[in-house]
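Summary of structural features
What follows is the residue order along each chain.
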Amino acid sequence: MFLATAATKRPVATSAMLLGLFLLGLNSYRKLSLENLPALDLPYVTVTTIWPGASPEDIQKDVAKRVEDAVSGVSGLKHTYSTCMENAGNTICEFAMGTDVDVASQDVREKIDGIVGDLPAGAERPVIAKMDINASAIATVFLCGDMSPDDLYWLADNQIHDRFASVKGVEDVQVIGGEEREVWVELDRDALAAAGLTSAQVAQTLGRGVLTVPGGRVRDSGRELAVRFDAEYHSVEDIGSLQVAGADGARRYLRDLGTIRVATEEPRQRSFLDGRPGIAIKIVKKSDGNTVETVRELRKRFAALQGELPPGVELRWLQDDAEIVQANVDNTISDIGSSILLCAFILFAFLVNLRTTFVVAVTMPVTVVISLFFMQLAGLTLNISSLLAIGLSCGILVSNSIVVLESIVRKFDESGSGAFDPWTAAREGASDQTVSILASAGTNVVVMFPIAMMSSLIGQAFGPFATTTLVVNAVSILVSFTLVPMLCAMVMKRGSEQTGRLATWGRKWEKTLERRGGAYGAFLRRLAARRGAIPAIVA
């Protein structure tokens, strides 16, 4: 094969290439994203619309129906499902497998923007989001202490939330529990009736009167100034000076129609830890984020926050996914190391040759490390699927190397007592096994390549496994026809040249194995010759 010829005729250049690939593999291991599961791109886009006070029937008629009609013309759409409930409606758009979800979500957004003006006046702007199961919560912390629930919520939402959200790889920080502060306007029914006003008029006045809008531009002496109408209130007492106009044109101050105070919203969810109330904070990573690296940075930010909390407040780290992911990687590396040692021991037990054992023990880890570089080029991550493929491929690694190694050893022994060139023997021995190695690798390609090309959900789940297996197979062929013949030419000797106690004991052990094998073969031949004498067993 041309690889074996190039490796034995240009050993320095081939060694430099393999060393470069090995170093790139080590660097790729540092850069590869560590995940628990492979990335799954589900073709779903959700459209959520909030309409306070609306019934499910109103949501279905005035919101969900219009949303479904608007998105019906989006390319690749298969089905739409709507769920209508009190105050909100949710429409799920299912697209055909293989559809680019980013493009689909943008198309849905354009369609929804065209019907925003047709939605009911009280409905909020629809929120469009793609369903991403890879953007999951990777860490949870708990905030508790000797503070009121609203003060704890303010601390979690305005200080801790912002510190965690700025970490690289974090997509969202969810604050669960606590009580958010808000301004309550409690109207006096009698005062409202005496003024001839309704609660809807008061709500409309609040919506229109508490806001900030641009007011144009003012030019003065060559300067241009922006004008802004600022109707925001900075204290609760100032809100009471807002005037509400009645149907007869009469105006009433809001403070004369009821009571205005700061309170907390109605709690809809609570968080407890060991029976102690507090606030749970979940950190959600980006779909392409590195779980281990993100959690490592989050722990650094967590340690920095410990010294900034008020007295009596405690921030506790509950759980994270980095430990599980790192344990999967460490266990895989440990299993690969164990398989290399076991293969080397078995090979030594049959050949009783430290040099051949050394060749196999070197080529297997080199193949794994180089494979990491090509995995990075293929856009793969280290997850359960790809790690399983690497572990199962160890048998392929050792089988290819042993087949080539056995052929080279035979060439060494057949060289006779004349002039001996180890490089020629290594080249010829490796080239003799070209067809067998390629045929063995071809069976794996036939099975794994179609799986790697599948675009269905199952294909996305098993694609990393198939692709990793193909990568390891290709690198195994490269190493078997380059590194193995070079190492054999440099370190191995012919059987007649091996001296010492180990070589003597090895030859005795080889003769013993031949005798045992001959005896076992004779037993099988006798058994086959007497097969007619064995009575048939009738079921």
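Above this note sits the structure.
For every chain, the first residue of its written sequence is number 1, and the numbers climb from 1 along that sequence. Totals for whole chains, interfaces and linings use every residue, but because this is a predicted model, local features are given only for residues with pLDDT of at least 70 and side-chain atom pairs only at 80 or more, for both listing and counting. Hydrogens and water are ignored here; the side-chain numbers use all heavy atoms of the structure.

What follows deals with the overall build of the protein chain. The way it works is that DSSP assigns letters per residue, a run of H or I at least four long becomes a helix, a run of E at least two long becomes a strand, and they are numbered from the N terminus. A count of helical and extended segments in the protein chain gives 18 helices and 15 strands. A radius of gyration in this sense is built from C-alpha atoms; the matching globule rule multiplies 2.2 Å by the number of residues raised to 0.38. Over its C-alpha atoms the protein chain spans a radius of gyration of 37 Å, topping by over 25% the 24 Å that the globule rule assigns to 539 residues. Here's how the labels work: a residue is buried when its accessible area is under 20% of the maximum for its type, exposed when over 50%, partly exposed in between, all with a 1.4 Å probe on protein chains only. Relative to its 539 residues, the protein chain shows a buried fraction of 38%. Considering only residue pairs separated by 6 or more positions, the protein chain has 75% of its internal contacts joining residues 24 or more positions apart. All accessible areas in this document rest on Shrake-Rupley with a 1.4 Å probe, and a residue is counted as covered only by the protein chains that are shown. With the model as given, the accessible surface of the protein chain reaches about 29,900 Å², and the carbon-plus-sulfur share is 57%. Working convention for charge: Lys and Arg count positive, Asp and Glu count negative, and His plus the chain ends are omitted. One atom stands in for each charge, and that atom is NZ of Lys, CZ of Arg, CG of Asp or CD of Glu. Charged side chains of the protein chain number 52 positive and 60 negative; the gap between the two group centres comes to 15 Å. Note on definitions: a residue-residue contact is assigned when non-hydrogen atoms from the two residues lie within 4.5 Å.

On to the pattern of salt bridges. We define a salt bridge as a contact between a side-chain nitrogen of Lys or Arg and a carboxyl oxygen of Asp or Glu at a distance within 4 Å. Applying the stated criterion across every chain, the model contains 18 salt bridges. Note that K78 and E94 form a salt bridge whose closest N and O atoms lie 3.9 Å from each other. Within this pair, whereas K78 is found in strand β2 (residues 77–85), its partner E94 is found in strand β3 (residues 88–95), the two being separated by 16 residues in sequence. Given the relative accessible area of 48%, K78 is considered partly exposed. Close ionic contact of E406 with R410 constitutes a salt bridge, the shortest N to O distance being 3.0 Å. Residue E406 and its partner R410 are located together in helix α13 (residues 394–413), separated by 4 residues, close to a single helical turn. Looking at E406, the relative accessible area reads 44%, which means it is partly exposed. Looking at R410, the relative accessible area reads 33%, which means it is partly exposed. Within this structure, D150, D151 and R181 form a network of salt bridges that share partners.

For patches, a residue must show more than 30% relative accessible area and have no salt bridge; joins then use 9 Å for like charges and 5 Å for nonpolar side chains, namely Val, Leu, Ile, Met, Phe, Trp and Tyr. On the surface, L342, F345, I346, F350, W509 and L513 cluster together into a nonpolar patch covering about 590 Å² of accessible area. Listed by contribution, the elements that provide at least two residues to the nonpolar patch are α10 (322–351) and α18 (501–529). The leading source of residues in the nonpolar patch is α10, at 4 residues.

For this analysis, a nonpolar core means a set of buried residues of the types Ala, Val, Leu, Ile, Met, Phe, Trp, Tyr and Cys, connected via side-chain atoms within 4.5 Å. Grouped together as the largest cluster of nonpolar side chains are 79 residues, with contacts concentrated most on F164 and L298. At 9 residues, the largest contribution of residues to this core is made by helix α11 (residues 354–377). The contacts of L298, once residues within four sequence positions are left out, are I138, A139, F164, V167, V170, I283 and W317. With 19 residues, the next largest nonpolar core counts V47, W51, V67 and A123 among its residues.

With a phi close to 75°, N87 is a non-glycine residue in the positive phi region. Non-glycine residue D274 carries a positive phi angle of around 55°. When you line up the elements, D274 lands in the loop between β13 (271–273) and β14 (276–285). A residue is classified by how much of its surface remains accessible, and D274, at 68% relative accessible area, is exposed.

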